[in-house]
Amino acid sequence: MKTEKGFHCVEFKHEAQMQIYKEIKDMTPEQEIEYFRRRAETGVLGKLWGKLHGESIAGERRSSTGLSSHHQPHSA
């Protein structure tokens, strides 16, 4: 016997994607990048995002590569 779920994961995902689409549909690619960067920095995992990208909690500026100078990739 199959039980009825109160939360529909796929439906929730589609609704979230539609909302994002509505917000970014008229943006340039550069604006979309900034939109997602800002969302990542200010979302529930924002502090983790900052640590992964070499920012201090105070918001150290990143270089044009998106990484702080002491976290630049090493050349191979």
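Residues numbered from 1 in each chain as written. Predicted model: local features only at pLDDT ≥ 70, side-chain atom pairs only at ≥ 80, totals over all residues. Heavy atoms only, no water.

Draft legend 1. Seen up close, the overall build of the protein. Looking only at helices and strands, one finds three helices and zero strands in the protein. In sequence order, the secondary structure elements of the protein are arranged as α-α-α. A burial count over the protein gives 13% of its 76 residues as buried. Partitioning the intrachain contacts of the protein with sequence separation of at least 6 by distance along the chain shows that 3% fall at a separation of at least 24. Of the accessible surface of the protein, which amounts to about 6,900 Å², a share of 59% is contributed by carbon and sulfur atoms. (Helix = DSSP H or I, 4+ residues; strand = E, 2+ residues; numbered from the N terminus. Buried < 20%, exposed > 50% of the residue type's maximum accessible area, 1.4 Å probe, protein only. Contact = heavy atoms within 4.5 Å. Areas by Shrake-Rupley, 256 points an atom, 1.4 Å probe, with all protein chains shown as cover.)

Draft legend 2. Representation of the packing of helix 1 (residues 9–24) against helix 2 (residues 29–42) in the model. The N-to-C vectors of helix 1 and helix 2 enclose an angle of 130°; their axes lie 11 Å apart at closest approach. As judged from the angle between their axes, helix 1 and helix 2 are oblique. Crossing geometry of helix 1 relative to helix 2 is assigned as right-handed. Listed contacts from helix 2 to Ile20, Glu23 and Ile24 of helix 1 are Glu32, Tyr35, Phe36 and Arg39. Tallied by class, residues from the contact of helix 1 with helix 2 come to four nonpolar, no polar and three charged. (Axes fitted to C-alpha atoms, helices over the stretch in contact; angles between N-to-C directions. Parallel < 35°, antiparallel > 145°, perpendicular 65-115°, else oblique. Left-handed = near helix turned anticlockwise from the far one by under 90°. Nonpolar A, V, L, I, M, F, W, Y, C, P; charged D, E, K, R; others polar.)

Draft legend 3. Fine view of the confidence of the model for the protein. With 67% of its residues at a pLDDT of at least 70, the protein reaches an overall mean of 77. Mean pLDDT across the elements of the protein ranges from a minimum in helix 3 (residues 46–52), with 84, to a maximum in helix 1, with 95. Below a pLDDT of 50 lies the segment residues 67–76, which in the model reaches 15 contacts outside its immediate sequence neighbourhood of four places, other chains included. (pLDDT = per-residue confidence, 0-100.)

Draft legend 4. The packing of aromatic side chains, seen in detail. Throughout the structure, instances matching the rule amount to two aromatic pairs. Both rings, one in Phe7 and one in Phe12, keep their centres 5.5 Å apart while their planes meet at 50°; by these two values the pair is tilted. An angle of 85° between the planes, with centres 5.0 Å apart, marks the rings of Tyr35 and Phe36 as edge-to-face. A residue is classified by how much of its surface remains accessible, and Tyr35, at 7% relative accessible area, is buried. (Phe/Tyr/Trp six-rings, centres within 6.5 Å; stacked < 30°, edge-to-face > 60°.)

Draft legend 5. Fine view of the pattern of salt bridges. Taken as a whole and judged by the stated rule, the model has four salt bridges. A salt bridge links Arg39 to Glu23; the nearest nitrogen and oxygen atoms lie 3.5 Å apart. Taken together, the residues Arg39 in helix 2 and Glu23 in helix 1 connect sequence positions 16 residues apart. A residue is classified by how much of its surface remains accessible, and Glu23, at 34% relative accessible area, is partly exposed. (Salt bridge = Lys/Arg side-chain N within 4 Å of Asp/Glu carboxyl O.)

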